[in-house]
Amino acid sequence: VAPNGGTISTAGASASSVISAPIDMTYNSLTFNVAQGTVPNGQDLIVSSPISQNTGAGSGAKSLTKNGDGTLVLSGTSIGGITVTVKRAPGLREQ
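Residues numbered from 1 in each chain as written. Predicted model: local features only at pLDDT ≥ 70, side-chain atom pairs only at ≥ 80, totals over all residues. Heavy atoms only, no water.

## Some thoughts on the pairing of strand E4 (residues 30–33)
Alternating residues of E4 divide into Leu-30 and Phe-32, all buried, and Thr-31 and Asn-33, none buried. Looking at chain direction, strand E1 (residues 7–9) and E4 are connected through 3 bridges and run parallel. Bridge pairing in E4 places Ile-8 opposite Phe-32. Where E4 and strand E7 (residues 63–67) come together, 4 bridges link them in parallel fashion. Note that in E7 the partner of Leu-30 across the bridge is Leu-64. (Buried < 20%, exposed > 50% of the residue type's maximum accessible area, 1.4 Å probe, protein only. Helix = DSSP H or I, 4+ residues; strand = E, 2+ residues; numbered from the N terminus. Pairing = 2+ DSSP bridges.)

Written as structure tokens, this is what we have:
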């Protein structure tokens, strides 16, 4: 997944949304807009894939921002060298 414009949004739901394809942030910073749903485990969006950037491509510093009342879970991801900002708590969990 190479988000165009760098934004991934979810709607509140009764089941978790899951992203399992690798995410490439080489050319864009990334914002997750995560709506709170009624998911029993409270995990509104689960990213179970690597999040990476190719710093050798001259892409510069990137940031990952999480907005919204939903919970974003980064599970098994590699986000080395990327600044992470959470704009609403509790919001972000790393597993």
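## A short note on the nonpolar core
Core analysis: the largest hydrophobic core is formed by 13 residues, its most contacted members being Ile-19, Ile-23, Phe-32, Leu-45, Val-47, Ile-51 and Leu-72. Setting aside residues no more than four positions away along its own chain, Leu-45 makes contact with Thr-10, Ser-17, Val-18, Ile-19, Phe-32, Val-34, Thr-71, Leu-72 and Val-73. (Core = buried A, V, L, I, M, F, W, Y, C linked by side-chain atoms within 4.5 Å. Contact = heavy atoms within 4.5 Å.)

## Brief notes about the side chain of Asp-44
As for its position among the elements, Asp-44 is in the loop between E4 and strand E5 (45–47). When near neighbours in sequence (up to four residues on either side) are disregarded, Asp-44 contacts Ser-16, Ser-17, Val-34, Ala-35, Gln-36, Gly-37, Val-39, Gly-70 and Thr-71.

Function cannot be inferred from these measures alone, as they are strictly geometric.
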